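Residues per chain are reported as follows:
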Amino acid sequence: MALEARTTPVRTTSEGHPPRKFTQSASLLYLNYGKNLDQNTLASNPFYALTDLLKFTAFSEVQFLNMMETKLMKETDFSVINSRHSPTLSNLLYSKNLLDQHAQHIEGTISSIKTHRGSKSDDDTSDMVEEASAVATSILEDFEHLSNRAKALSLYCDRGMNIVMNNNMLLESQRAIEQAAG
């Protein structure tokens, strides 16, 4: 969906740029792609040329993880857990599966970054190599942080599922006691 062309034209400011307040979309990525990168390094280092795409991917993952965290906080809120409308095990399991899938994709990206960040051509100067290496290290740290966060949220789902199961067992025990008393 992000790559499909917009059905309505994008409004622009007098400078020809879209207004500052818009949603992140791959269809708008071309507007600023590579503007803040060193042009010589960009031309000679293929990994460095992917910097903006990797940053875009990281920002998208941050948005996804923020959304999942908000949903999990609502799902496992103490007032919700103690009410009759407890969180469902299926919702938490679905969230955990999504988070695990994203964590796997992030780990794959980390592996690719580690593999390709040292690539350089014969034309590279030491400044170009240093610039590309610094950017690769920064992006690698970002993705490692995202991986840790996705794994932490997955563990949060596990704890939430344990709480739900324990609460359900307590409710069943209370019903059995009430039934036995009756």
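Predicted model only: the values in this text are computed from it and were never measured.

Calculation rules
Residues numbered from 1 in each chain as written. Predicted model: local features only at pLDDT ≥ 70, side-chain atom pairs only at ≥ 80, totals over all residues. Heavy atoms only, no water. Helix = DSSP H or I, 4+ residues; strand = E, 2+ residues; numbered from the N terminus. Buried < 20%, exposed > 50% of the residue type's maximum accessible area, 1.4 Å probe, protein only. Contact = heavy atoms within 4.5 Å. Areas by Shrake-Rupley, 256 points an atom, 1.4 Å probe, with all protein chains shown as cover. Core = buried A, V, L, I, M, F, W, Y, C linked by side-chain atoms within 4.5 Å. Patch = residues over 30% accessible without salt bridge, like charges linked within 9 Å, V, L, I, M, F, W, Y side chains within 5 Å. Salt bridge = Lys/Arg side-chain N within 4 Å of Asp/Glu carboxyl O. Lys, Arg positive; Asp, Glu negative; His and termini not counted. Charge placed at Lys NZ, Arg CZ, Asp CG, Glu CD. Axes fitted to C-alpha atoms, helices over the stretch in contact; angles between N-to-C directions. Parallel < 35°, antiparallel > 145°, perpendicular 65-115°, else oblique. Left-handed = near helix turned anticlockwise from the far one by under 90°. Nonpolar A, V, L, I, M, F, W, Y, C, P; charged D, E, K, R; others polar. pLDDT = per-residue confidence, 0-100. Polar contact = N/O pair within 3.5 Å; in protein donor to acceptor, adjacent residues only side chain to side chain.

S.K.: Hey, could you run me through the overall build of the chain in this one?
M.R.: If you tally the helices and strands in the chain, you get six helices and zero strands. Overall, the chain shows an N-to-C arrangement of helices and strands of α-α-α-α-α-α. The proportion of buried residues among the 182 residues of the chain is 30%. Taking as baseline every contact in the chain between residues at least 6 positions apart, the subset at least 24 positions apart corresponds to 67%. Total accessible area on the chain stands at roughly 12,600 Å², and carbon and sulfur atoms take up 54% of it.

S.K.: Which parts of the structure should I look at to understand the nonpolar core?
M.R.: Nonpolar side chains in soluble globular proteins tend to end up buried together. In this structure, L65, L99, I113 and F143 are the most contacted members of the largest nonpolar core, which totals 29 residues. Elements that contribute at least two residues to this core include exactly α2 (46-49), α3 (51-75), α5 (89-116) and α6 (126-181). Look past the residues within four positions of L99 in its chain and what remains in contact with it is F64, L65, M68, L72, A150, L153, S154 and C157.

S.K.: Before we go on, may I ask you to explain a nonpolar patch on the surface in this structure?
M.R.: Side chains of Y33, L50 and L53 sit close together on the surface and give an oily, nonpolar patch of about 240 Å² of accessible area. Looking at the secondary structure, you find L53 in helix α3.

S.K.: Explanation requested: a negative patch on the surface in the structure shown.
M.R.: A cluster of acidic residues, D38, D127, E130 and E131, forms a negative patch on the protein surface. When you line up the elements, D38 lands in the segment before α1 (39-44).

S.K.: So what exactly am I meant to see when it comes to the packing of α3 against α5 here?
M.R.: The packing of two helices is summarised by the inter-axis angle and the distance between the axes. One way to put it is that α3 packs onto α5 with a least axis distance of 11 Å and a crossing angle of 160 degrees. The angle between α3 and α5 falls in the class roughly antiparallel. Crossing geometry of α3 relative to α5 is assigned as left-handed. Contacts from L54, E61, F64, L65, M68, L72 and E75 of α3 reach α5 at N91, L92, S95, L98, L99, H102, I106, T109 and I113. Here the contact of α3 with α5 is built from residues that sort into 10 nonpolar, four polar and two charged.

S.K.: What is the right way to read the confidence of the model for the chain from this model?
M.R.: Parts of the prediction with low pLDDT should not have their coordinates interpreted in detail. A residue-level look at the chain finds 72% of positions with pLDDT of 70 or above and a mean pLDDT of 78. Here helix α4 (residues 78-81) stands out as the element of the chain with the lowest mean pLDDT, 59, in contrast to α5, whose mean of 91 is the highest.

S.K.: Looking at this structure, I do not really get the pattern of salt bridges. What am I missing?
M.R.: Between side chains of opposite charge, a pair can form as their charged atoms come close. One pass over the structure, following the stated rule, counts five salt bridges. Residues K96 and D100 are paired through a salt bridge, measuring 3.2 Å at the closest nitrogen-oxygen approach. Of this pair, K96 and D100 both sit in helix α5, four residues apart, which is roughly one turn of the helix. K96 gets classed as buried once you look at its relative accessible area, which sits at 16%. Of the residues examined, D100 reaches a relative accessible area of 30% and is grouped as partly exposed. Note that E107 and K151 form a salt bridge whose closest N and O atoms lie 3.3 Å from each other. Of the two residues, E107 is situated in helix α5 and K151 in helix α6; the sequence distance between them amounts to 44 residues. Salt bridges sharing partners connect three or more residues here, namely K96, D100 and D158.

S.K.: What is the right way to read the side chain of S154 from this model?
M.R.: Mapped onto the fold, S154 is located in helix α6. A polar atom in the side chain of S154 sits 2.9 Å from the side chain of K96. In this structure S154 touches K96, L99 and D100, once residues within four positions along its chain are discounted.

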